[in-house]
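Chain and residue survey
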Amino acid sequence: MRILVFDFYGKMAHFRKFYTNSSSLSYYFPPRTTIIGLIAGLLGYERDTYYELFSPENTKITLSIRSPLRKIIQMINYVWADDVKYLNASKGQHTQVPFEIIFPQNIKENVCYRIFFFHRNEDILNALEEKIKNYTFCFPPYLGVTEFVGNIEFVGKGSMEKNEENRVILDSIISVDYIKNRTINLETYPGAQYIKEKMPFSFDKYRMLKDPPREYIGEIKTSKIVLRGKIDYYKIKINESTIYNVVFMED
Amino acid sequence: MLSNIIEIGRMVRTFSKVDFVFNLVEYNEELIFDNKGNRKFLVIIDFDIKEEKIKLSRKEIDHKVLEEYLWVGNKKGSSPQDRLTTDTIRYLIFNSGYGYGSSLINILYNLKKGNLRELLEIIKNKFFIKLPLKRERYCLNLNKIQNRKEILIPESKGIDEKLYIENLEKKWEKEILDIIEEELGLTKKEISLYTITINSRKASEFEEYRNYIEQTLIDENFEENYEGICHICGERKELTYDTARFPAKFYITKLITFSSNFEGKKPKKGFSKNFSLCRDCYKDIILGIKFIQNYLGTSLGNNDLWIIPGLFLNPLGKELKESWIKISRNFVRSTFNLEEFLRFEEEIQKSLEEYKEFEELMDYSKVDLFFYESPPGSAAFKIKEYIKDVHLKRVEKIRKTIRDVENLGKSLFGERENWFLGLENIYFLIPIRRGRVSEYKKLLDLYEAIFLEHKLDKRIIINYFVELAKIYIFEKFPQYNIKKVKNNDLEMSLSILKTNLLLKLFEKINLIEGGENMPELLENLLDEDIQNYILKMGYEEEETALFLLGYLIGEIGYEQVRGGDFNAKKPILNKINFNGISSKNLINLSNEIFEKLDQYRIRGYNEKIFSAMKFLMDKNIKSWKLNDNENVYYILSGYAFNTYKRIKSIKGREEQ
């Protein structure tokens, strides 16, 4: 099966947790719904029109955290609008919101996520590949909020094959359900910092939750997650020398 | 954070012996204190059914009173009032809005059966007057209040019914407030709540009332319910997006800017697309937050903090336990200061079984550290720092290292001082300017780095330490978090030595890189004490040169105040430019120090140290690696080492 691999990066990021807003906390990595939004934006789909097209039945998505991450909280001013008519800031009032921002550990580098994307419809894969390679995105990419302008870089077109092993060093994030359902053990890894995020998984056509939110485990320093147990995962080969071990967010 | 809150809430729901409704009590500081800080009052209207009399009494309000009398706020919106504790007296005696007039009558008609209903029925008949109107309306018979002159209900004939009710309501409110002032000596301003008791029994003592309140309060939040998937448990159920009653408001629905498509509060639109939850999860969040507020709150470095333990993955189907949560909290707190450290050690001795279980689960455990700001009297709740998924193994490493560094301090300087550098103690080594909101971030970022093992920029940390020294030298205490001290010189020296140990601590927990070993040549030139210190601190050549230069400044300083008291100023300190010393100026400074050693006739005693310093400085000066502030810091380190040793030995002699 063919799979597209591309890097999504920028100076900083903010992916707001659904249960905080008056202080806005951020996930360390974008939820599946955000990645879908990103891809839909690159392809030029209108807002809220693409949820079914990128449903878990049609797509497989996962990501690898490519830069060691950290967070800082910064106060920012929001427009105070308790009614649509005040969105133009005519009320003249602001509210200060603590806003968590994701940064790379090394400030000179970028926050970078490597996205692995598969779609049943080859045309979508081809269209996306062309857009990324030629930098002809319909809507510009950003890392969670429009102020955090991002960029996309094509990594390669890979092939993926299923594999099974007793110990795997994984390059991608992994869902807690996957670990629990298969009674897999998470191993500690030197220098690793595992984090757990509960995030939305999919929307129906009205942008209401379609499936339950899921918890994912990511590693924010080495990007490696070590698993022991009966693990079925995908090996993604971009060329003979570049191989990634991943589990998809849908698995 | 949310997962932990929910898990804790679920645990409380499963095991709690207290009714859920007590978790809905609103603790608003404005109800407790007026703006001058004076305590406010609760007025109790007791219905003595046997004597058929109403008795008034008062109570100062505190958190316990709010709980005992079940203050859960008034009924929202324009629905008939039905709370027996309220901040509006007319809701109890009369109410011109919807319903039957008084909360007591409204609740009577809402209850199906039971003791409370029977008592309220009697109260209605004995204490309330049915108004001469077409609609069924009641008001309290104020004549039932002990020893009152008669207050008559005015005639209603020929008057518009609405106007009649409005006028009577005003009259009744004024009458009862006058009575309260006369009987209890309280003006309206001094009262924040009113409640009723029946034969001295509080409303909260009636199970029916507790159940009724729980049901209505939860229902109130589900008034605009809709079916969908709960954002927490993931089940398809009846949902709400109304989070206004969360005890800590980290999620608001007040501003449309936070809602999907700016649609605000509409079922299946706006906020309901962002965050919807079912009844059980709603309850769990409230219970979880309450538990955290009550048992897991503490403060660190003058910042309010929640320590929220959780299991990273639930191994072997283990669930959270209250004892386990509290041990985890105390385990983290034991890194704060020596008292907490010792208290924890004592605690685990007492409850070995529980500690054993805690230790078994340590590999799977984590805590979230949640620094927040919630000004008293305000519903605002701001997150200052959120340190997520701190593994307890890391906490253990920090604990152990703090103890190791404490022992290092003792071995270097003796046990006279407390060398325990817990997280709370660090607060007094990092200058935080008062009145600047952003300043606390320095400290919180440092805590985050410690817990999550993020690398630190040593130069920035050293800038803080030089700032610290300046506070002592220039007596800038009022502007900072550092307390004014009697002996600036001694306290500065102590603080600088502690910062030396702190750098060692940071090195051991992998936040900064450590230095190399001391150059071998120095072994023959320096005293054992100095050698040992340089070796233990891992100073490199430049750092050693500056340390020795600082040591010599300490020698001169001692000579300058010899015979004087500890507080005497040392002119030699004026030679140090606390705003930074460039490598060029280091040469001038070392020359001046040489002259001063001569002048005070102590060159002979210090010749070896001077030559070692000069050797290392000359060797490295062309490619000097340290910046201006670092130069100051290492000079101060040497100075502090010398000064502390001197003062300690003088004090030791005095004590003998």
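The rules behind these values
Residues numbered from 1 in each chain as written. Chains lettered and ligands numbered in written order. Predicted model: local features only at pLDDT ≥ 70, side-chain atom pairs only at ≥ 80, totals over all residues. Heavy atoms only, no water. Helix = DSSP H or I, 4+ residues; strand = E, 2+ residues; numbered from the N terminus. Rg over C-alpha atoms; globule rule 2.2 N^0.38 Å. Buried < 20%, exposed > 50% of the residue type's maximum accessible area, 1.4 Å probe, protein only. Lys, Arg positive; Asp, Glu negative; His and termini not counted. Charge placed at Lys NZ, Arg CZ, Asp CG, Glu CD. Contact = heavy atoms within 4.5 Å. Areas by Shrake-Rupley, 256 points an atom, 1.4 Å probe, with all protein chains shown as cover. Pairing = 2+ DSSP bridges. Buried area = accessible area lost by both parts, 1.4 Å probe. Salt bridge = Lys/Arg side-chain N within 4 Å of Asp/Glu carboxyl O. Polar contact = N/O pair within 3.5 Å; in protein donor to acceptor, adjacent residues only side chain to side chain. Axes fitted to C-alpha atoms, helices over the stretch in contact; angles between N-to-C directions. Parallel < 35°, antiparallel > 145°, perpendicular 65-115°, else oblique. Nonpolar A, V, L, I, M, F, W, Y, C, P; charged D, E, K, R; others polar. Expected span 1.5 Å × (residues − 1). Arc of directions from axis to C-beta. Phe/Tyr/Trp six-rings, centres within 6.5 Å; stacked < 30°, edge-to-face > 60°. pLDDT = per-residue confidence, 0-100.

Observations regarding the overall build of chain B
When helices and strands are tallied, chain B shows 23 helices and 13 strands. Against the compact-globule benchmark of 26 Å for 656 residues, chain B has a radius of gyration of 34 Å, which places it well outside the compact range. Dimensions of chain B along its principal axes, counting C-alpha atoms only, are 110 × 60 × 50 Å. With 656 residues in all, chain B has 57% of them scored as buried. Side chains of chain B carry 106 positive and 104 negative charges; the gap between the two charge centres is 3 Å.

A word on the overall build of chain A
Counting secondary structure elements, chain A contains three helices and 14 strands. Relative to the 2.2 N^0.38 estimate, which gives 18 Å for 251 residues, the radius of gyration of chain A is 19 Å and therefore close to what a compact globule would have. Structurally, chain A occupies a C-alpha span of about 60 × 40 × 35 Å along its principal axes. In chain A, which comprises 251 residues, the share counted as buried stands at 56%. Long-range contacts, defined as pairs at least 24 residues apart, comprise 75% of the intrachain contacts of chain A with a sequence gap of at least 6. Carbon and sulfur atoms form 48% of the exposed surface of chain A, whose accessible area is close to 10500 Å².

Digging into unusual backbone geometry
We note that A89(A) has phi near 65°; this positive angle belongs to a residue other than glycine. Relative to the elements of secondary structure, A89(A) occurs in the loop between β5 (69-79) and β6 (94-104). Positive phi is not limited to glycine here, since L70(B) has a value of about 50°. Along the chain, L70(B) falls in the loop between α3 (63-68) and β3 (85-86). When its relative accessible area of 1% is taken as the criterion, L70(B) is described as buried.

Here we look at the pairing of strand β1 (residues 2-10) of chain A
Residue and element names in this part refer to chain A. Burial runs high along β1: eight of the nine residues are buried. Where β1 meets strand β8 (residues 150-170), nine bridges bridge the pair, whose relative direction is antiparallel. Within the sheet, the bridge partner assigned to Y9 lies in β8 and is N151. Where β1 meets strand β7 (residues 111-119), seven bridges bridge the pair, whose relative direction is antiparallel.

Topic: the sheet that holds strand β11 (residues 194-199) of chain A
Ordered by their spatial adjacency, three strands build an open sheet running β9-β12-β11 (chain A), and the pairing between neighbours is antiparallel. Strand pairing shows two members of the sheet lacking a second neighbour, β9 (174-175) and β11 of chain A, which therefore form its edges.

Structural notes on the environment of I553(B)
All names here are of chain B. Within the element layout of this structure, I553 appears in helix α20 (residues 541-561). For I553, a relative accessible area of 0% translates into the label buried. Remark: the alpha-carbon pair of I553 and A640, spanning 87 residues in sequence, is separated by 9.7 Å. Ignoring anything within four residues of it in the chain, the contact list for I553 reads I572, L573, I576, L589, I593, I635 and Y639.

Regarding the interface of chain B and chain A
Residue-level contacts link 46 residues of chain B with 49 residues of chain A. For the pair chain B and chain A, the summed buried surface comes to about 4400 Å²; carbon and sulfur atoms form 57% of the total. Taken together, the links from chain B to chain A amount to one salt bridge. In this structure, the connection of chain B to chain A is made through 22 residue pairs in polar contact (both at pLDDT 80 or more). Elements with a minimum of two residues in the side of chain B that touches chain A: α1 (2-15), β8 (226-229), α9 (271-274), β13 (382-391) and α16 (440-452) of chain B. The element best represented in the side of chain B that touches chain A is β13(B), accounting for eight residues.

Notes on the sheet that holds strand β11 (residues 303-311) of chain B
The strands making up a sheet associate through backbone hydrogen bonding, with each pair oriented either parallel or antiparallel. Residue and element names in this part refer to chain B. Ordered in space as β10-β11-β12-β13, the four strands form an open sheet in which the pairing is antiparallel. Each edge of the sheet is formed by a strand with only one pairing partner; in this case those strands are β10 (297-300) and β13. Put simply, the sheet's adjacent strands are angled 30° from each other on average, direction ignored. Two elements, β11 and strand β12 (residues 365-373), share eight bridges in a ladder whose sense is antiparallel. Looking at β12, one finds that G310 is bridged to K366. Strand contacts of helix α11 (residues 322-333): β10, β11 and β12, with the helix running at about 130° to β11, the strand carrying the most contacts. Across the face of the sheet, helix α14 (residues 392-413) comes into contact with β12 and β13 while running at roughly 95° to β13.

With respect to the packing of α11(B) against helix α13 (residues 352-360) of chain B
Residues and elements named next belong to chain B. As a packed pair, α11 and α13 sit with axes 10 Å apart at the nearest point and diverge in direction by 75°. Classified by the angle their axes make, α11 and α13 are roughly perpendicular. Here S323, W324, I327, S328 and F331 of α11 lie close against α13, whose contacting residues are E354, Y355 and F358. When grouped by side-chain class, the residues that make up the contact of α11 with α13 number five nonpolar, two polar and one charged.

A word on helix α12 (residues 338-350) of chain B
Residues lying three or four places apart along an α-helix face the same way, a consequence of the helix completing one turn every 3.6 residues. Residues and elements named next belong to chain B. Compared with the 18 Å implied by 1.5 Å per residue over 13 residues, the 19 Å span of α12 between its first and last C-alpha is a close match. Within the sequence span of α12, burial applies to L338, E340, F341, F344 and I348. When α12 is viewed along its axis, its buried side chains cluster within an angular range of 165° and face the same direction. Exposed positions of α12 whose direction lies more than 90 degrees from the buried face are Q349 and K350.

Section: the packing of aromatic side chains
All names here are of chain B. All told, the structure shown has 52 aromatic pairs over all chains when counted by the stated rule. With 6.1 Å between their ring centres and 20° between their planes, Y226 and Y241 make a pair best called stacked. Pair noted here: Y226 is in strand β8 and Y241 is in the loop between β9 (236-239) and α9, with a separation of 15 residues, a long-range link. Classification of Y226 as buried rests on a relative accessible area of 5%. Y241 sits in the buried class, given a relative accessible area of 3%. Look at Y427 and F428: their rings are 4.9 Å apart centre to centre, the planes differ by 70°, and that puts the pair in the edge-to-face class. Classification of Y427 as buried rests on a relative accessible area of 10%. Judged by relative accessible area, which is 35%, F428 ranks as partly exposed. One aromatic cluster in this structure is built from F413, W419, F465, Y533, Y539, F547, Y551, Y633, Y634, F641 and Y644.

Section: helix α10 (residues 279-295) of chain B
Residue and element names in this part refer to chain B. Compared with an ideal rise of 1.5 Å per residue, which puts 17 residues at 24 Å, α10 spans 24 Å between its outermost C-alpha atoms and is within 8% of the ideal. The element α10 is largely enclosed, with a buried count of twelve among its 17 residues. Inspection of α10 places C281, Y282, K283, D284, I285, I286, L287, G288, I289, K290, F291 and I292 among the buried residues, and these make up the whole buried set. Buried positions along α10 lie against α1, α8 (207-221), β10, β11 and α11.

Details of the environment of V561(B)
Residues and elements named next belong to chain B. If you trace the backbone, V561 turns up in helix α20. In this structure, the C-alpha to C-alpha distance between V561 and R436, residues 125 residues apart in sequence, is 38 Å. In this view, V561 contacts A568, K569 and K570; residues no more than four positions away in its chain are not counted.

Brief notes about the confidence of the model for chain B
Residues of chain B with pLDDT of at least 70 account for 96%, and the chain-wide mean is 89. Reported confidences for the modelled complex are a pTM of 0.86 and an ipTM of 0.94.

Section: the pattern of salt bridges
Tallied over the entire structure, the rule returns 74 salt bridges over all chains. E197(A) is paired through a salt bridge with K17(A); the nearest N and O atoms lie 3.2 Å apart. Here the residue E197(A) occupies a position in strand β11, and K17(A) occupies one in the loop between β2 (15-16) and β3 (26-27), the gap between them amounting to 180 residues. Given the relative accessible area of 0%, K17(A) is considered buried. Through salt bridges with shared partners, one network takes in E26(B), K75(B), D82(B), R83(B), E220(B) and R245(B).

As for the side chain of S23(A)
You can see S23(A) is positioned in the loop between β2 and β3. Within polar-contact distance, the side chain of S23(A) engages the backbone nitrogen of I383(B) at 2.9 Å. Every residue in contact with S23(A), bar those within four places of it in the chain, is listed here: V97(A), P98(A), F250(B), F381(B), K382(B) and I383(B).

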